[in-house]
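# Coordinate analysis (summary)
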Amino acid sequence: LTFLPQHSALCSHQHLIQPPLSNTIPSLHIRKMSSFAYNSHSHYNNSASGPAPPSSSSNPYHNNSFAIHSQKHANNLSNSSTSKKSKVKLHETSEERDRYDNMAELYSLILTTEKLERAYVKDSIKTDEYAQACDDLIAKFKTFKHILGDINIEQFMAQYKMNCPAAYNRLCLIGVNATVEHGSGEKNNSGYIVLETTQHFITAMDSLRLNMRSVDELQPLMKVLVEALNKQSMIEFPAKRKMLDWLRDLNGMRASDELDEHQVRQLLHDLDNAYNEYGGEIKKNQGS
């Protein structure tokens, strides 16, 4: 009866004086246990169902191995995300950079013109505000087109999937705002407007007779003539449409281009016919 307590006490005493287990295990044995803990963790993660992985309290080596593996995985993810977010350079020289900047401005200008045309059709903007804004956009468009040189606007819009038919018509085909093309809708047949229109006719014809051939000299003259004609909504005659057609042709040409002899003779002929028809319509309106 007395042996069991003494034996228990002896065992407890031996346990107290025995060195810790970790100090008696060789280092090779520790590494094997660490590898076993890591493999066990991978086995538990890969299995669809099974016993829960050992807790950190029961296996101190498991935490260290898992922490190292998690840190490596986090570093790989960080390096991968950094490489994905790296910027792609579109240019290598300053000239290429300027060209891409101008193309970006041209893209935004076309979109702005499309929005402006739709706003004007919906009466979301006043006529005078539209005319001023549209003239400004047309002038900038011609500037960027001249800077970019050989750019094809139709191919440019197709390449960047720009569905802007109104802007293409206004910028590339017409070249003037809608109030110049169709008139502002205001009736103005006063004597001053008639005198002004007559003066624009005479100035344009005299300029051609003085051997003015370049587009940048003739286009402003045709523009003010068409504007004056469209201010008079009650005056309509067949040759009036030809004046607008000539203005479109000039807007589609470069400023440095010149009309050849055949074009000059045709334009002068159309101006003379339009001038005579305009005078006849003025007499009819005065008689009525």
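Just so it is clear, the model here is predicted, and its values are computed rather than measured.

Along the protein chain, the regular secondary structure elements total 13 helices and 0 strands. Secondary structure of the protein chain in N-to-C order comes out as α-α-α-α-α-α-α-α-α-α-α-α-α. Counting only residues that meet the buried cut, the protein chain has 30% of its 288 residues in that class. Across the protein chain, every contact between residues at least 6 apart in sequence was considered, and the portion connecting residues at least 24 apart equals 77%.

Time to look at the packing of helix 6 (residues 127–148) against helix 8 (residues 165–174). Contact pair helix 6 / helix 8: the axes reach a minimum separation of 10 Å and the direction vectors enclose 60°. It follows that helix 6 is oblique to helix 8 by the angle criterion. Between helix 6 and helix 8 lies a crossing whose hand is right-handed. When helix 6 is examined against helix 8, the residues Tyr130, Cys134, Leu137, Ile138 and Phe141 are found in contact with a partner set consisting of Arg170, Leu171 and Cys172. Residue composition of the contact of helix 6 with helix 8, grouped by class: 7 nonpolar, no polar and 1 charged.

Right, let's get into helix 11 (residues 215–230). Relative to the 22 Å expected for 16 residues at 1.5 Å per residue, helix 11 spans 22 Å between its end C-alpha atoms, a close match to the ideal helical length. Buried residues of helix 11: Val215, Leu218, Gln219, Leu221, Met222, Leu225, Val226, Ala228, Leu229 and Asn230, and no others.

The next point concerns a nonpolar patch on the surface. A cluster of nonpolar residues, Tyr107, Leu111 and Tyr160, forms a patch on the protein surface that exposes about 240 Å² of accessible area. By the element assignment, leucine 111 lies in helix 5 (residues 94–121). Residue classification places leucine 111 among the partly exposed residues on the basis of a relative accessible area of 33%.

On average, residues of the protein chain score 76 in pLDDT, and 65% of them are at 70 or above. A low-confidence stretch, residues 1–38 (pLDDT under 50), is modelled with 11 contacts involving residues beyond four sequence positions or located in other chains. Per-residue pLDDT stays below 50 along residues 40–49; that stretch engages in 6 contacts with residues further than four places along the chain or on separate chains.

Phi at aspartate 123 takes a positive value of approximately 60°, unusual for a residue other than glycine. With a relative accessible area of 67%, aspartate 123 lands in the exposed category. Its identity is not glycine, yet asparagine 211 carries a phi of approximately 65°, on the positive side. The residue asparagine 211 is located in the loop between helix 10 (191–209) and helix 11 in this model.

Right, let's talk about the packing of helix 10 against helix 11 for a bit. Contact geometry for helix 10 and helix 11: axes closest at 9 Å, N-to-C directions at 155°. As the angle between them shows, helix 10 and helix 11 are arranged roughly antiparallel. Considering the relative orientation of helix 10 and helix 11, their crossing is left-handed. Of the residues in helix 11, those touching helix 10 at Ile193, Thr197, His200, Phe201, Thr203, Ala204, Ser207 and Leu208 are Leu218, Leu221, Val224, Leu225, Ala228 and Leu229. Classifying every residue of the contact of helix 10 with helix 11 by side-chain character gives 10 nonpolar, 4 polar and no charged.

For the rest of this paragraph, the subject is the environment of methionine 157. Mapped onto the elements of the fold, methionine 157 is located in helix 7 (residues 153–159). For methionine 157, a relative accessible area of 7% translates into the label buried. A C-alpha to C-alpha distance of 8.9 Å links methionine 157 and isoleucine 110, two positions 47 residues apart in sequence. Beyond its immediate sequence surroundings of up to four residues, methionine 157 is in contact with Ile110, Met162, Cys164 and Tyr168.

Quick look at the nonpolar core now. Among the nonpolar cores identified, the biggest contains 29 residues, and Phe201, Met222, Met243, Leu271 and Tyr278 are the most heavily contacted of them. Contributions of two or more residues to this core are made by helix 10, helix 11, helix 12 (238–251) and helix 13 (261–287).

In this section: the side chain of glutamate 281. By the secondary structure assignment, glutamate 281 is in helix 13. If we skip the residues at most four places from it in the chain, glutamate 281 touches Ile235, Glu236 and Phe237.

This brings us to helix 12. For helix 12, every residue scored as buried is listed here: Ala239, Lys240, Met243, Leu244, Trp246, Leu247, Leu250 and Asn251. Projected onto a plane normal to the axis of helix 12, the buried residues spread over an arc of 160° and lie on a single side.

Counted according to the given criterion, the structure contains 6 aromatic pairs. Consider the rings of tyrosine 120 and tyrosine 130, whose centres lie 4.0 Å apart with planes at 15°: the pair is stacked. With tyrosine 120 in helix 5 and tyrosine 130 in helix 6, this residue pair connects regions lying 10 residues apart in the sequence. An aromatic cluster is present here, built from Phe201, Phe237, Tyr275 and Tyr278 joined pairwise through their rings.

Definitions and limits used
- Residues numbered from 1 in each chain as written.
- Predicted model: local features only at pLDDT ≥ 70, side-chain atom pairs only at ≥ 80, totals over all residues.
- Heavy atoms only, no water.
- Helix = DSSP H or I, 4+ residues; strand = E, 2+ residues; numbered from the N terminus.
- Buried < 20%, exposed > 50% of the residue type's maximum accessible area, 1.4 Å probe, protein only.
- Contact = heavy atoms within 4.5 Å.
- Axes fitted to C-alpha atoms, helices over the stretch in contact; angles between N-to-C directions.
- Parallel < 35°, antiparallel > 145°, perpendicular 65-115°, else oblique.
- Left-handed = near helix turned anticlockwise from the far one by under 90°.
- Nonpolar A, V, L, I, M, F, W, Y, C, P; charged D, E, K, R; others polar.
- Expected span 1.5 Å × (residues − 1).
- Patch = residues over 30% accessible without salt bridge, like charges linked within 9 Å, V, L, I, M, F, W, Y side chains within 5 Å.
- Areas by Shrake-Rupley, 256 points an atom, 1.4 Å probe, with all protein chains shown as cover.
- Salt bridge = Lys/Arg side-chain N within 4 Å of Asp/Glu carboxyl O.
- pLDDT = per-residue confidence, 0-100.
- Core = buried A, V, L, I, M, F, W, Y, C linked by side-chain atoms within 4.5 Å.
- Arc of directions from axis to C-beta.
- Phe/Tyr/Trp six-rings, centres within 6.5 Å; stacked < 30°, edge-to-face > 60°.

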